[in-house]
Amino acid sequence: MIDREDLKAAFLAKAGLARAERRPLAGDASTRRYERLETAGASLVLMDQPPAVETVICPPGASPDERLALGYNAAARLSAGSVSAFVAIAAWLRSLGLSAPVVHAYDLETGFAVLEDFGDDLYATAIAAGQAERPLYEAAVDVVLAMQSPSPPTTLAAGDAQWPLLTYDILALKVATDTFLEWWPKFSGLAPFGDAAVQEWEALWAPVWARGEAGATVFTHRDYHAQNLLWLPERKGLARVGLLDFQDALRAHPAWDLTHLLQDARRDVSPGLETAMLDRFLASRPELDREAFIADYRALATSNAARILGRVFARQALLGRPQYRAYMPRTWRYLERNLQNPGLADLKRWFDRHVPVEARQ
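Nothing here was measured: the structure is a model prediction, and the numbers come from that model.

A. Representation of the packing of helix H11 (residues 271-284) against helix H12 (residues 290-318) in the model. Two numbers describe how H11 lies on H12: the axes approach to 12 Å, and their chain directions differ by 130°. Taken together, the axes of H11 and H12 lie oblique to each other. Here H11 runs over H12; the crossing is right-handed. Every residue of H12 that contacts H11 at Glu 274, Leu 278, Asp 279, Phe 281 and Leu 282 is listed here: Arg 290, Phe 293, Ile 294, Tyr 297 and Arg 298. Partitioned by chemical class, the residues of the contact of H11 with H12 number six nonpolar, no polar and four charged.

B. The arrangement of the packing of aromatic side chains in detail. A complete count under the given rule lists 24 aromatic pairs for this structure. Ring centres of Phe 180 and Phe 351 lie 5.7 Å apart, and the angle between their planes is 65°; on these two criteria the pair is classed as edge-to-face. With Phe 180 in helix H8 (residues 179-188) and Phe 351 in helix H14 (residues 345-354), this residue pair connects regions lying 171 residues apart in the sequence. For the pair shown, Phe 180 and Phe 351 are each scored as buried. Aromatic rings pair up to connect Phe 180, Trp 184, Phe 187, Phe 193, Trp 201, Trp 205, Trp 209, Trp 332, Trp 350 and Phe 351 into one cluster. For Arg 266, the ring lying beneath its charged end belongs to Tyr 327, and the centroid distance is 5.7 Å. Positioned above the aromatic ring of Tyr 72, the side-chain terminus of Arg 311 is 3.8 Å from the ring centre.

C. Spotlight on the pairing of strand S4 (residues 103-107). Relative to strand S5 (residues 112-116), S4 runs antiparallel, the two sharing four bridges. Following the sheet pairing, Val 103 is matched in S5 by Leu 115. In sequence, S4 turns back onto S5 through a hairpin of four residues, with Gly 111 there showing a positive phi of about 85°.

D. Molecular detail of the packing of helix H7 (residues 170-177) against helix H9 (residues 195-214). Their axes nearest at 9 Å, the elements H7 and H9 cross at an angle of 135°. Taken together, the axes of H7 and H9 lie oblique to each other. The handedness of the crossing between H7 and H9 is right-handed. Taken together, the residues of H9 that come into contact with H7 (itself represented by Ile 170, Leu 173, Lys 174 and Thr 177) are Trp 201, Glu 202, Trp 205, Trp 209, Ala 210, Gly 212 and Glu 213. Here the residues of the contact of H7 with H9 sort into six nonpolar, two polar and three charged.

E. Broad picture of the nonpolar core. Counting 59 residues, the largest nonpolar core has Leu 93 and Tyr 224 as the members making the most contacts within it. In terms of residue count, the dominant contributor to this core is helix H6 (residues 133-148) (ten residues). Beyond its immediate stretch of four places on either side in the chain, Leu 93 contacts Leu 98, Ala 100, Met 147, Phe 219, Leu 243 and Phe 246.

F. View of helix H1 (residues 4-14). Buried residues of H1: Lys 8, Phe 11 and Leu 12, and no others. Down the axis, H1 shows its buried residues gathered within 95° of arc, on one side only. Structurally, the start of H1 carries an N-cap: the backbone nitrogen of Glu 5 is 2.8 Å from a side-chain oxygen of Asp 3. Residue Gly 16 follows H1 closely and has a positive phi angle near 80°.

G. Fine view of the side chain of Thr 179. Secondary-structure assignment places Thr 179 in helix H8. Looking at Thr 179, its side chain comes within polar contact range of the main-chain nitrogen of Arg 311, at 3.4 Å.

Calculation notes
- Residues numbered from 1 in each chain as written.
- Predicted model: local features only at pLDDT ≥ 70, side-chain atom pairs only at ≥ 80, totals over all residues.
- Heavy atoms only, no water.
- Axes fitted to C-alpha atoms, helices over the stretch in contact; angles between N-to-C directions.
- Helix = DSSP H or I, 4+ residues; strand = E, 2+ residues; numbered from the N terminus.
- Parallel < 35°, antiparallel > 145°, perpendicular 65-115°, else oblique.
- Left-handed = near helix turned anticlockwise from the far one by under 90°.
- Contact = heavy atoms within 4.5 Å.
- Nonpolar A, V, L, I, M, F, W, Y, C, P; charged D, E, K, R; others polar.
- Phe/Tyr/Trp six-rings, centres within 6.5 Å; stacked < 30°, edge-to-face > 60°.
- Buried < 20%, exposed > 50% of the residue type's maximum accessible area, 1.4 Å probe, protein only.
- Lys NZ or Arg CZ within 6 Å of the ring centre and 35° of its normal.
- Pairing = 2+ DSSP bridges.
- Core = buried A, V, L, I, M, F, W, Y, C linked by side-chain atoms within 4.5 Å.
- Arc of directions from axis to C-beta.
- Polar contact = N/O pair within 3.5 Å; in protein donor to acceptor, adjacent residues only side chain to side chain.

Interpretation in functional terms is not warranted from these geometric data alone.
Written as structure tokens, this is what we have:
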């Protein structure tokens, strides 16, 4: 078996970067790894996604049973870090005048890509360093509107990289939300949820998932938050927002990216800023029914919070990454705030009965 470092060296040599100085960059909860490549003329980023590490992706046209049999990535319609997805989606975003990284070289088979380097000014970092918060969020909302403005194609393509833009459907929403049932009891010490609690959970969520699928009409980044956005003030207009980690993009409800941006699990977004940015979005989408949209936004944000608490934070903490514990109280606060919505009263009662306050931390 060929060593991955040898494959990496061969790829970099072919790309003319054999002499580049390599420095590791901070990763995330995925199986991807990143390195900064310093050359005499430029700084670039190497993305390293071993193709055999993740479960298989969702074949277009696969039935729900087939997707479940293939594993979580297929069921939830995740890209498994596909370099093909990244390359194709980046090209489409750039065609809209948005700042997705230019891909200078890639190898779909081995899972490597050399990307434009946007630097280190993540939204979270820039704001912590004193950058005014509101203009950054206004620009991010405007980018959401731009991503949603064209009707997205069924398949995105760039060179030999192709990616089907599938729908964030009921099954994908269900398996993601249901990870709370699997992982939160293991993490918090609660007893596993009983059959009656699970059946009630599924009945309460069913209309939320149905509305999510019915509204799935627009291109959706799917992981749109302050650690995947960079501030590029030297650029103009919408291009000032650098976009990362969009390879799981889908066709989804127009509220979805806003739930990530405005209920960011990794940094506090005040209720006042959240309301102002929702107002900004809706002012540009007058055809949307405000009351129905806000109801969908709150419901989908609650679903997303349950997924994050289960699949991302509890699971990662149990796998030996305790840093994710720090984000849990904030995510619970978002979830509890959403549950104050009268339309989610039955879900609030479910959480109050089955997840006591002392188990929400």
